[in-house]
Structures are given as C-alpha cells and as structure tokens.
Amino acid sequence: MILIKDITNYMERLAPLSLQESYDNAGLIVGDPSEEVKGILCTLDCTEAVVEEAIQSGCNLIIAHHPIVFKGLKKLNGKNYVERVVIKAIKNDIAIYASHTNLDHVEGGVNFKIAEKLGLQNVRILQPKKNLLKKLVTFVPVEHGQKVLDALYEAGAGQIGDYKNCSFRVEGTGTFRPTGGANPFIGTVGQDEEVKEFRIEVILQAHQEYMILSALKKAHPYEEVAYYLSNLENDLAQVGAGAIGSLDEALDESSFLQYLKDAMALSTIRHTPLSGKKIQKVAVCGGAGGFLLNDAIRQGADVFVTADYKYHEFFDAENKIIICDIGHYESEVYTKELIISYLSEKFSNFAILKSQVNTNPVQYF
C-alpha cells in the first residue's frame, strides 16, 4: 500500500522543500499524508476544472507545480477560485501537493526540462545558490574510518559537482578520559587514553544534515561522537536558478526563433530586435526569469528564453543578447511530463496521469 507521504517524500528527494524560496508554499497543501494513493493527476496549476478531472479519473492526489495557496486563508467560504478549489478538494478527499521553486532550483527540474525540449547540451545551473553547503568534521579510530566514510557517502555526503565520495582525512592522536557514567568503546573509566584517529572532512548540502548526522552516529563506534559543522560560502553548482547550455549547431536568429516555436509548441514569441548574430549558447528560465538576465549575458548566452517580461525590461538587453518571452504557461507546461516521468520510475501500481485541462489564463486572439 502506497501512502501520500510515500509519494511526497519521493518528490522531495528530487526537490527538497528546503530549496524553495522564502515566499513560496510548496509541499502538501491539502490532504492527509497517511491516506492511501489511488491515483495521481499531474498538472501545472490546480483549478476547479483540474479537481473535477481528478474526481472523474479516480485520482485522489493532485501534484501541481504552482501552489494553489500562497497566502494564508482566513476564511473558506468560496468567494474566490482558491477557496473553491480547496473546498472542492476537501469535500472529495483529494490531496493537493505542490513542487514549485524547489523544483525550479534543481538539476533535472523545470529549467532542465526546457533545456531538454530545446536539445541543449552541457546543461548547467545558470545562477548557483550560495549558503547551502556545510562542512562536517569528525574524528574516528583509524580502523573504523572507512566504515564511517561509507555510511556518510551513502547518506549523501561527499558530493562535489560530478564527483562522489569526496573527503579529506589526516591521521592524528585523540585523547580522552572516560568518567563515571561512561561506557567507553575504547579505554577504561578514570584513565587517560590515546587513540590513533582519522580527522575526516566531508561536504554536504544543508538539507541533508539530519540524515548525515544520523548515519554518522549509527556507524561511529564511540559512545559520544565528536564532530562539528560549519557553514560554507561556496556556490552549490547543482542548485540554483535558470539553466544554460548549447545547441549542437549554431542557427541564424530567424531559424532559432522558428526552432524555439516548434520545440515548445508556441503560438507567439515576444522578443528583442535581431542583430544578425548566430545563436548557439542558450539560457533559459521557466516563468518570470528577468532577474537572471545579467547572469545570462555574463556567461555568454546568445539568447535568453523566459517569460513575464515587462515593456521597459526589454531595453535591458542592450543588443548584448536576444530576450525571448514565450509566456509563463508555455515555459512551464512540460513540468507535467517531468513529474510523471520521475514518479513512474518508482511507482507502477496505480495510475499517474497528465492533466488534459489547459489552465493557461492568458489567451491570444
């Protein structure tokens, strides 16, 4: 029996909630995490029509990219679509889960899906985040060093870019004296002891702290485990905003615009003036990505594909880059496919469906 919390926990392995922006409201918004899952409906937005689709499809869990609730609800009387969606979901025992900016910020997330649709190669995060890394230092008897390291690696420590199982260790001498209440693994109560130990250092992502410390304490032979954690200023290359990569072959600007339109199934593209340059390096950001323009320019992108640009913001391109505004919905609609693909790798004993409801509130005449 698969429970809602099994699904949400698996989603958070890909996109931990700790990676969402402070204004966001990702996570389980409506529903009991201990309920059994009967079916999942994946959508970009959760609207009344999507809840009705879930009812008709026999799905009791909706996974959306955009949270239906951003601000606190003081009343639930159905005066707006947000309240009506929540009421309808509760009445029909349907849970609603959102994976939003946390899914934007990870490798394999929303922006990497756009890059995949565009066939970009050598894709990486456009603006890596800071202050998400920590360093763990601990001290282990030499003969137990590898066992402890293996446990730390298994829990997720020691990942630096494309390299796994990264650590530093140096041998030294640890000293201690067990006191009356101790039950020492090495040494005798009341006597000073010296032990050959490794000082082990590994890097970890901040959201992994609990799991990694638990693994350390379980694998470590000592009754009292000596360790300390420190925050790092380093960029975390695997987490951040936007993505950037390259086309296999450079295209002229008009050909690229047509390629973009076809690849993303667009009806229109708003863009800055063309300058006659070839297009090969492409920066992308699903949704409102204007804050990343300078990062795209600094990294040599020829074009920046995003959405929600205002009139005066187009001037910021200053002929250094082409801005392509493809629409918020259009830039993120393939998130449905991303979620379905990810969940289908793990769960196969119930339906995981893609919503057929077009939730785009913007129409073109």
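Predicted model only: the values in this text are computed from it and were never measured.

Caption draft 1: Local environment of the sheet that holds strand β11 (residues 270-271). Taken together, six strands build an open sheet; the order of strands is β5-β10-β12-β13-β14-β11 and the sheet is mixed. The outermost strands of the open sheet, each flanked by one partner alone, are β5 (121-129) and β11. One ladder, built from two bridges, connects β11 with strand β14 (residues 322-325); its direction is antiparallel. Bridging from a neighbouring strand, His 271 pairs with Cys 324 of β14. Here helix α5 (residues 110-117) sits on the sheet and contacts β5, β10 (236-252) and β12 (278-288); the angle it forms with β12, its principal contact strand, is near 145°. Set on the sheet, helix α8 (residues 253-263) makes contact with β10, β11, β12, β13 (303-307) and β14; between it and β10 the angle comes to about 120°.

Caption draft 2: Broad picture of the sheet that holds strand β2 (residues 39-43). In spatial order, the strands read β1-β4-β3-β2-β15; together these five strands make up an open sheet with mixed pairing. The sheet is open, and its two borders are formed by β1 (27-30) and β15 (351-354), each paired with just one other strand. For this sheet, the mean inter-axis angle between neighbouring strands, taken without regard to orientation, is 25°. Bridging between strand β3 (residues 61-64) and strand β4 (residues 95-98) involves four bridges; their strand directions are parallel. Looking at the pairing, Ile 62 lines up with Ile 96 of β4.

Caption draft 3: The side chain of Thr 359, seen in detail. Relative to the elements of secondary structure, Thr 359 occurs in the segment after β15. Overall, Thr 359 belongs to the buried group, its relative accessible area being 11%. Polar contacts involving the side chain of Thr 359 include one to the side chain of Asp 45, which spans 2.5 Å. Look past the residues within four positions of Thr 359 in its chain and what remains in contact with it is Thr 43, Leu 44, Asp 45, Thr 47, Val 50 and Tyr 329.

Caption draft 4: Seen up close, the packing of aromatic side chains. Under the counting rule described, the total for this entry stands at six aromatic pairs. Ring geometry for Phe 176 against Tyr 222: centres 6.0 Å apart, planes inclined by 65°, an arrangement best described as edge-to-face. With Phe 176 in strand β7 (residues 168-176) and Tyr 222 in the loop between α7 (209-219) and β9 (227-232), this pair connects stretches of sequence that are 46 residues apart. Look at Phe 176 and you get partly exposed, because its relative accessible area is 26%. Overall, Tyr 222 belongs to the buried group, its relative accessible area being 14%. Geometrically, the ring pair formed by Tyr 309 and Phe 314 is tilted, given 5.2 Å between the ring centres and 50° between the ring planes. With a relative accessible area of 5%, Tyr 309 lands in the buried category. The exposure class of Phe 314 is buried, given its relative accessible area of 15%.

Caption draft 5: Fine view of the environment of Met 1. Locating Met 1 in the fold gives a position in the segment before α1 (4-14). Sequence separation between Met 1 and Val 37 is 36 residues; the distance between their C-alpha atoms is 7.9 Å. Excluding anything up to four places from it in sequence, Met 1 contacts Asp 6 and Glu 36.

Caption draft 6: How the structure looks around the pattern of salt bridges. This model, assessed by the stated rule, comprises 14 salt bridges. Between Asp 192 and Arg 177 there is a salt bridge, with the nearest N and O atoms lying 2.8 Å from each other. Taken together, the positions of Asp 192 in the loop between β7 and β8 (193-205) and Arg 177 in the loop between β7 and β8 put the pair 15 residues apart, joining distant regions of the chain. With respect to class, Asp 192 is no different from Arg 177; both count as exposed. The salt bridge partner of Arg 270 is Asp 325, with a shortest N-O separation of 2.8 Å. Here the residue Arg 270 occupies a position in strand β11, and Asp 325 occupies one in strand β14, the gap between them amounting to 55 residues. Residue class for Asp 325 comes out buried when judged on its relative accessible area of 4%. What you see here is one network of salt bridges that share partners, running through Lys 113, Glu 116, Glu 337 and Lys 354.

The rules we used
Residues numbered from 1 in each chain as written. Predicted model: local features only at pLDDT ≥ 70, side-chain atom pairs only at ≥ 80, totals over all residues. Heavy atoms only, no water. Pairing = 2+ DSSP bridges. Helix = DSSP H or I, 4+ residues; strand = E, 2+ residues; numbered from the N terminus. Contact = heavy atoms within 4.5 Å. Axes fitted to C-alpha atoms, helices over the stretch in contact; angles between N-to-C directions. Buried < 20%, exposed > 50% of the residue type's maximum accessible area, 1.4 Å probe, protein only. Polar contact = N/O pair within 3.5 Å; in protein donor to acceptor, adjacent residues only side chain to side chain. Phe/Tyr/Trp six-rings, centres within 6.5 Å; stacked < 30°, edge-to-face > 60°. Salt bridge = Lys/Arg side-chain N within 4 Å of Asp/Glu carboxyl O.

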